Amino acid sequence: MLISIKGAWCLVLGASSGIGKAIAEGLAREGVNVIGVHFDTGARAEKVAVLVEELRAHGVEAHFFNVNAAAEQTRAHMTARVAELTGGDGLHVLVHSLAFGSLVPFLPRDGHPAGIGRRQMAMTLDVMAHSLVYWVQDLVAAGLLPPGSKVYAMTSSGTTQALPSYGAVSAAKAALESHVRQLALELAPRRVAVNALRAGTTVTPALERIPEHAEFVDEAALSNPHGRLTTPEDVAEAVVLLSRTDSSWITANTIGIDGGELYAPGTVWGARPSAGPRDDSEEGTR
C-alpha cells in the first residue's frame, strides 16, 4: 500500500556530499526528518551547516554528526541518538552511502611501487561493505527498523567492470551486494526491505578521487542511451519512490538507476540524435 512518508525519519550514512546528500535533500522535500552521518574536515565540514539549514527549510528536523560511520563506538552512540530523536519509533529509511576506500592497484605499476596492502584491503571491505551488516545488526537489536522500513546500499557497476585502481572497491561492492541479499532474506519475516541501488556513472567527490575517472566519465557520457550521465538527483528520486510504501515485497535486488547505461554497447546508442530515434525506413530499402 502506498503511504505518506511525511514525518518519518531517515538515517543517511555518508550524507554530506554526492548521492547521500541528494537523497537527504529528496527525502526532506517529502517531509522526512533527516539524521545524517558524515566524516569531513575543512571546507566540506563547514558546508554541512548550510546543508542542515537548507533541509530544515523544508519544515523537517535535520541532525548531522561528523563521526566515523565505520567505528563501533559511533554505531553505539548513534543508535542511542536515533532512538532518542525518533522517540523510539525508529527509521523508515536507512541509506548506506559510504565511499571511503583504497584506490591502489593490486600489483605494482607506474606511480605505485607497491601493490595494495592487507590493511588497505581490509579497511575498504570493512567501510564500504561489512559496515552495512553491523549498522543493521545494531538498529534491529534496538528495535529501530520497524515493519515497512527500507534499507538501501549504494553499489556500482564496479562489481562487473574493472578499472586499474578500483580492485579493492570493486571487491567491496560485490561483497555489499551479497550482504544485501543475505540481510533481505533474514529481515523478510520482520517485513523490512533491503536493496542495493546501482547508480550509473555519477560525478561525485568519490568518483573524482578515482585516478582514471576522466576517461571513464567521457566514455559513459557517450554510451548512455539518454545522452547524459546519471545525477545524484536521479538516485534520490528513486529512493523517494521506493520508500512510499509499507510493503517489503521489493527486496534482495540490485536496482539499476542508470538510464540503461550498463547495457548499452559502447557508443552505439550515444551516437544517436538526442531529439529522438532516427527514421531509417528509406535507408533500409536501398
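In what follows, the structure referred to is the one given above.
J.: Whenever I open this one, the side chain of Ser-156 confuses me. Can you help?
T.: Looking at where Ser-156 falls in the secondary structure, it is placed in the loop between strand S5 (150-155) and helix H5 (167-187). The exposure class assigned to Ser-156 is buried, which follows from its relative accessible area of 14%. Of the polar contacts made by the side chain of Ser-156, one reaches the side chain of Tyr-166; its length is 3.1 Å. Dropping the residues within four chain positions of it, Ser-156 is found in contact with Tyr-166, Lys-173, Glu-177 and Arg-198.

J.: When you look at the nonpolar core in this model, what are you seeing that I'm missing?
T.: Considering soluble globular proteins, one finds that nonpolar side chains tend to be buried as a cluster. One finds Leu-11, Ile-35, Leu-91, Leu-132, Val-136, Leu-139 and Val-151 to be the most contacted residues of the largest nonpolar core, which totals 40 residues. Secondary-structure elements contributing two or more residues to this core are strand S1 (9-13), strand S2 (33-38), helix H3 (72-85), helix H4 (118-141), S5, H5 and strand S6 (193-199). Residue contributions to this core peak at 9 residues, all from H4. Residues contacting Leu-11, with those up to four places away along its chain left out, are Ile-35, Val-37, Val-82, Leu-91, Val-93, Leu-94, Val-95, Trp-135 and Leu-139. One finds Leu-27, Ala-28, Ala-199 and Val-235 within the second-largest nonpolar core, a separate group that totals 31 residues.

J.: It is not clear to me how the pairing of S1 should be interpreted in this structure. Could you clarify?
T.: Among the 5 residues in S1, 5 count as buried, and that is most of the element. Judged by which residues are buried, S1 turns out to be covered on both faces: Trp-9, Leu-11 and Leu-13 on one side and Cys-10 and Val-12 on the other are all buried. Direction of pairing for S1 relative to S2: parallel, over a ladder of 5 bridges. Within S2, the residue paired with Leu-11 across the bridge is Ile-35. Between the parallel elements S1 and S2, the chain passes through helix H1 (residues 18-29) in a crossover that is right-handed. Both S1 and strand S4 (residues 93-96) contribute to a ladder of 4 bridges, which runs parallel. Bridging across to S4, Val-12 finds its partner in Val-95.

Cut-offs used in this document
- Residues numbered from 1 in each chain as written.
- Predicted model: local features only at pLDDT ≥ 70, side-chain atom pairs only at ≥ 80, totals over all residues.
- Heavy atoms only, no water.
- Helix = DSSP H or I, 4+ residues; strand = E, 2+ residues; numbered from the N terminus.
- Buried < 20%, exposed > 50% of the residue type's maximum accessible area, 1.4 Å probe, protein only.
- Polar contact = N/O pair within 3.5 Å; in protein donor to acceptor, adjacent residues only side chain to side chain.
- Contact = heavy atoms within 4.5 Å.
- Core = buried A, V, L, I, M, F, W, Y, C linked by side-chain atoms within 4.5 Å.
- Pairing = 2+ DSSP bridges.
- Right-handed = clockwise from strand over helix to strand, strands pointing away.

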